[in-house]
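# A closer look at the structure
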Amino acid sequence: MDIENKAKRVAESKSVMTEMVMPNDANPMGNLMGGNLLRWMDIISSICAGKHCENQVVTVSVDNVAFKKPIHVGDIVTIEAMVTRSFHTSVEVYVEVYAADIKGKKLQEVQSCLLYICCPKYTRGKTRSRARCSTTDR
Ligand SMILES: CC(C)(COP(=O)(O)OP(=O)(O)OC[C@H]1O[C@@H](n2cnc3c(N)ncnc32)[C@H](O)[C@@H]1OP(=O)(O)O)[C@@H](O)C(=O)NCCC(=O)NCCS
């Protein structure tokens, strides 16, 4: 079936990434640098959007992101991304970040929404892969 007429379940593209914060990820104070967390969020969200579109995507926009507490070297960061809406050529991805220490004590949660567009370069000038998003059945 053509992807444009296909309703895809959120679960089909939901993507999860887990990282341990390494010294190379940290700022001079030994905390995870915000830009590195944004990079991980962008990577897993683009994988999620790409799976939904069945195509390569590029980042269009990132909603507000607030870092309320520091995440330290050795902490575990889990990032979950799921499609919340699909438009004509773009896909909205909701991303949640959970930071915990090695014992599992929760330290911080971060949420944001990122928007991706199905990359025209990979669609050979035809449709830009619009799969409908069925959010009722996860
Ligand atoms: C994203 C990009 C292709 C949009 O180009 P454009 O000519 O504005 O495209 P269009 O006007 O046809 O819009 C395409 C879609 O993007 C959406 N869009 C474009 N700019 C947007 C913005 N600033 N915020 C939210 N949505 C936006 C439009 O609503 C449209 O969505 P729809 O087709 O699902 O309805 C172009 O801005 C681009 O190439 N940006 C760089 C992307 C990139 O390289 N990202 C990596 C980080 S540097």
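### As for the overall build of the chain
Along its length, the chain carries two helices and seven strands. N-terminal to C-terminal, the α/β element order of the chain is β-α-β-α-β-β-β-β-β. When the 138 residues of the chain are sorted by exposure, 26% land in the buried category. For the chain, restricting intrachain contacts to residue pairs at least 6 apart in sequence, the fraction spanning at least 24 positions comes to 73%.

### Brief notes about unusual backbone geometry
Residues apart from glycine generally show negative phi values, whereas peptide bonds are mostly found in trans. At Glu54, a position not held by glycine, the phi torsion is positive, near 55°. Tracing the chain through its elements places Glu54 in the loop between α2 (34-53) and β3 (57-62). Glu54 gets classed as partly exposed once you count the C-beta atoms within 10 Å, which come to 13.

### Some remarks on the sheet that holds strand β4 (residues 76-86)
The sheet built from five strands is open, its strands ordered β2-β4-β5-β6-β3 with antiparallel pairing. Each edge of the sheet is formed by a strand with only one pairing partner; in this case those strands are β2 (15-20) and β3. With direction set aside, neighbouring strand axes in the sheet form an average angle of 30°. Sheet analysis places strand β5 (residues 90-100) next to strand β6 (residues 106-118), joined by 11 bridges and oriented antiparallel. Bridging across to β6, Val95 finds its partner in Ser112.

### Some points on the site of the ligand
The immediate surroundings of the ligand are formed by Val58, Thr59, Val60, Ser61, Phe87, His88, Thr89, Ser90, Leu115 and Ile117. Sorting the residues of the shell around the ligand by element identifies β3 and β6 as the ones contributing at least two each. For the shell around the ligand, the element with the highest residue contribution is β3, accounting for four residues. Class assignment for the residues of the shell around the ligand results in five nonpolar, five polar and no charged.

### Describing the pairing of β6
In this sheet, β6 lies alongside β3 in antiparallel orientation, the contact comprising five bridges. Note on β6: the bridge partner recorded for Val57 is Cys118. What sits between the antiparallel neighbours β5 and β6 is a turn of five residues, in which Gly104 has the positive phi angle 95°.

### Focus: α2
Along its 20 residues, α2 runs 28 Å from first to last C-alpha, staying within 8% of the 28 Å computed at 1.5 Å per residue. Every buried residue of α2 is accounted for by Leu37, Met41, Ile44, Ser45, Ser46, Cys48, Ala49, Gly50, His52 and Cys53. Of the residues flanking the end of α2, it is Glu54, one or two places downstream, whose phi is positive at about 55°.

Rules used throughout
- Residues numbered from 1 in each chain as written.
- Predicted model: local features only at pLDDT ≥ 70, side-chain atom pairs only at ≥ 80, totals over all residues.
- Helix = DSSP H or I, 4+ residues; strand = E, 2+ residues; numbered from the N terminus.
- Buried ≥ 20, exposed ≤ 12 C-beta atoms within 10 Å, placed from the backbone.
- Contact = placed C-beta atoms within 7 Å.
- Pairing = 2+ DSSP bridges.
- Axes fitted to C-alpha atoms, helices over the stretch in contact; angles between N-to-C directions.
- Near = placed C-beta within 6 Å.
- Nonpolar A, V, L, I, M, F, W, Y, C, P; charged D, E, K, R; others polar.
- Expected span 1.5 Å × (residues − 1).

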